[in-house]
Amino acid sequence: MTSSAPLSASTPTWNAKLWGVLLTVSLVIGLDALDVSMVGVALPSIQADLGLSTSALQWIVSGYVLSYGGLLLLGGRAADLLGRRRVFLTAVAVFAAASVLGGLVDDGALLIATRILKGMAAAFTAPAALSIITTTFAEGPARNKALGVFSVFGASGYSAGLVLSGLLTQVGWRWTFFLPVPVAVIAWIAANRLLPKDGPRASGGYDIPGAITSVGAMLLLVYTVVEAPEAGWAAPNTLIQFAIAAVLLAAFLVIERRSAHPLVRLGILRSGSLARANLGISVFFGGYIGFQFVVMLYFQSVLQWSALQTALGFLPAAVIVAFGSPRMDPLIERVGTARTIAGGVIAHLVGYVLFLVIDRDAPYAVGVLPSMILLGIGFTLAFASFNIQATAGIPDHEQGLAGGLLNTSTQVGGAIGLAIVTAVLTAGGEGKTGPDALLAGFTPALLTITVLSAIGLLIGLSGVLGRRTADPSADASADEPAETSAVKPAAESAEKSPDERELALVD
């Protein structure tokens, strides 16, 4: 690497090198999103080629998101201790290697193992990339602009992955694993040349026991939920596995309370807005991922669509997210996060309800497109708002922890939601063949997704109704969106006590 001093956070103009740093780390986040959507469209082809069951198939998605979500906090800690540049480069290299292996294996278990490895790599690249941006760009307009570019790459990567997957799966599903390799190599070379050397690193240690117990509990929980329909919910093995998962979770909580360097400072969960955002996004994303899985099978198994047709079927929702997400700030500032989250969840709920009456003869424009449009609108409204709500009122020194918790809740919620939907789908579709029979088997899974969304709506509405029952001092400014207060001049905010500032920021 060419030796260079760290880029100044107060650089007045964005020179070529500054843009290079931003685009390099954003490219990797886009690659993570692209990888998720590409694999989703290829699932039926993978299932047919490798002879996987539906329950095994969902692990190609769940293995990635569980290892990603479960290790995000450890990844952020590693970036602080080992250096952001070093962690970023190492994780990108592992991601590329796992992509190569995934395209070469002929065994379902090995394929799932490569997905878990890729999720682990993403768990280290994501926090390292975000911290590179926050330490390179000064807080304020420059950082907001950089984070906007960062977010657009993620949304665009997901949209591009859908289309590319449809094209590549026509040739062979293995190409959906090989495509990220050259992109990751380019990103690694650019990062090696452009990323500044790490400055002073944090002191302290790692919470390895906490990481092991938390990831172990989540993996075992998802595995048990998926296998329970076949083994029996009351079978001894099922009950024992649930008990072990509960013990691991309890051990994690004990470790976090006693650790000198915990992954999660449990006291942060006392923030109502943070707890509500984490619980809400878990249910929201769990329902969304479950719906995507069911509809993917509907397109290819019931309608007999090609991979390209399937990708294009999802494209309206992806396009709305890609173009709408960067333009949400004015609306959020005007109405507040609680209302935009509630609106997004309502859009998803209506979209799921509309899909409950789908049949194999319904035209796409009548039967499918309305749900896709509502899903795109709902995701655009809610996702950015969850991020803002989760960090409102959190002290600066714990902003990283709050963001990491939200990302963890997103990925873990997606994995658990998918596991529940898969368990219902497996039980409902047992022994059924033919498009009409398969479609009937999808109904219980779609009902489950609708119920999950209704639960999410209750959580979202609690944020809106909470304003009406809040402390009278907070009611005085209830009509003012929380985010407007967050961007007031620092001098005005400094005149308030810490408690008053938190009330002003918490939505």
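Residues numbered from 1 in each chain as written. Predicted model: local features only at pLDDT ≥ 70, side-chain atom pairs only at ≥ 80, totals over all residues. Heavy atoms only, no water.

Some points on the overall build of the chain
Broken down by element type, the chain carries 22 helices and zero strands. Taking all 507 residues of the chain together, the buried fraction comes to 51%. Restricting to contacts in the chain with at least 6 residues of sequence separation, those with at least 24 account for 82%. About 21,400 Å² of surface is accessible on the chain, with carbon and sulfur atoms providing 66% of the total. (Helix = DSSP H or I, 4+ residues; strand = E, 2+ residues; numbered from the N terminus. Buried < 20%, exposed > 50% of the residue type's maximum accessible area, 1.4 Å probe, protein only. Contact = heavy atoms within 4.5 Å. Areas by Shrake-Rupley, 256 points an atom, 1.4 Å probe, with all protein chains shown as cover.)

Re the pattern of salt bridges
Here the structure, examined in full by the defined rule, presents three salt bridges. A salt bridge links R115 to D35; the nearest nitrogen and oxygen atoms lie 2.5 Å apart. Taken together, the residues R115 in helix α5 (residues 108-136) and D35 in helix α1 (residues 16-50) connect sequence positions 80 residues apart. A residue is classified by how much of its surface remains accessible, and R115, at 1% relative accessible area, is buried. Take D35: its relative accessible area is 0%, and that puts it in the buried class. For the salt bridge of D106 with R174, the shortest nitrogen-to-oxygen distance reads 2.4 Å. (Salt bridge = Lys/Arg side-chain N within 4 Å of Asp/Glu carboxyl O.)

Focus on a nonpolar patch on the surface
Together, L82, Y206, I208 and I212 line one region of the surface with nonpolar side chains, adding up to about 350 Å² of accessible area. As for its position among the elements, I208 is in helix α9 (residues 208-231). (Patch = residues over 30% accessible without salt bridge, like charges linked within 9 Å, V, L, I, M, F, W, Y side chains within 5 Å.)

What to know about the nonpolar core
Soluble globular proteins tend to bury their nonpolar side chains together. Within the largest apolar cluster, 126 residues are counted, with the highest numbers of intra-cluster contacts made by I46, I60, F88, Y298 and F442. Setting aside chain neighbours within four positions, we find Y298 in contact with L303, F355, I358, D359, R360, V368, L439 and F442. (Core = buried A, V, L, I, M, F, W, Y, C linked by side-chain atoms within 4.5 Å.)

Some details on the environment of G272
Mapped onto the secondary structure, G272 falls in helix α11 (residues 272-302). Distance from G272 to Q389, taken between C-alpha atoms, is 9.7 Å for residues 117 residues apart in sequence.

Overview of the environment of L22
Looking at the secondary structure, you find L22 in helix α1. Sequence spacing of L22 and A129 is 107 residues, and the spatial spacing of their C-alpha atoms is 9.0 Å. In contact with L22, not counting residues within four places along its chain, are W14, I133, F137, A146 and V149.

Section: unusual backbone geometry
The phi torsion at Q304 lies on the positive side, around 60 degrees, for a residue other than glycine. Relative to the assigned elements, Q304 resides in the loop between α11 and α12 (307-324).

Notes on the packing of aromatic side chains
By the definition in use, this model includes 17 aromatic pairs. Their ring planes at 55 degrees and their centres at 5.7 Å tell us that F284 and F386 sit as a pair that is tilted. Of the two residues, F284 is situated in helix α11 and F386 in helix α16 (residues 369-391); the sequence distance between them amounts to 102 residues. Judged on exposure class, the residue F284 and its partner F386 are both buried. (Phe/Tyr/Trp six-rings, centres within 6.5 Å; stacked < 30°, edge-to-face > 60°.)

Here's the deal with the environment of S306
Take S306: it is sitting in the loop between α11 and α12. Relative accessible area serves as the criterion here: at 24%, S306 is assigned to the partly exposed category. As a C-alpha pair, S306 and L167 span 139 residues in sequence and 9.7 Å in three-dimensional space.

Regarding the confidence of the model for the chain
For the chain, mean pLDDT is 79; residues scoring 70 or higher make up 84% of the total. Every residue in residues 1-12 scores below 50 in pLDDT, and together they form 23 contacts with partners more than four places removed in sequence or on other chains. Here residues 471-507 is modelled with pLDDT under 50, and outside its nearest four sequence neighbours on either side it reaches 46 contacts, counting other chains as well. (pLDDT = per-residue confidence, 0-100.)

With respect to the side chain of Q411
Looking at where Q411 falls in the secondary structure, it is placed in helix α17 (residues 399-428). You can call Q411 buried: its relative accessible area is 13%. When sequence neighbours within four positions are dropped, the list of residues in contact with Q411 reads V65, Y68 and G69.

Details of α11
The end-to-end C-alpha distance of α11 is 44 Å, a good match for the 45 Å that 31 residues give at a rise of 1.5 Å each. In the segment just after α11, Q304 is the residue with positive phi, at about 60 degrees. (Expected span 1.5 Å × (residues − 1).)

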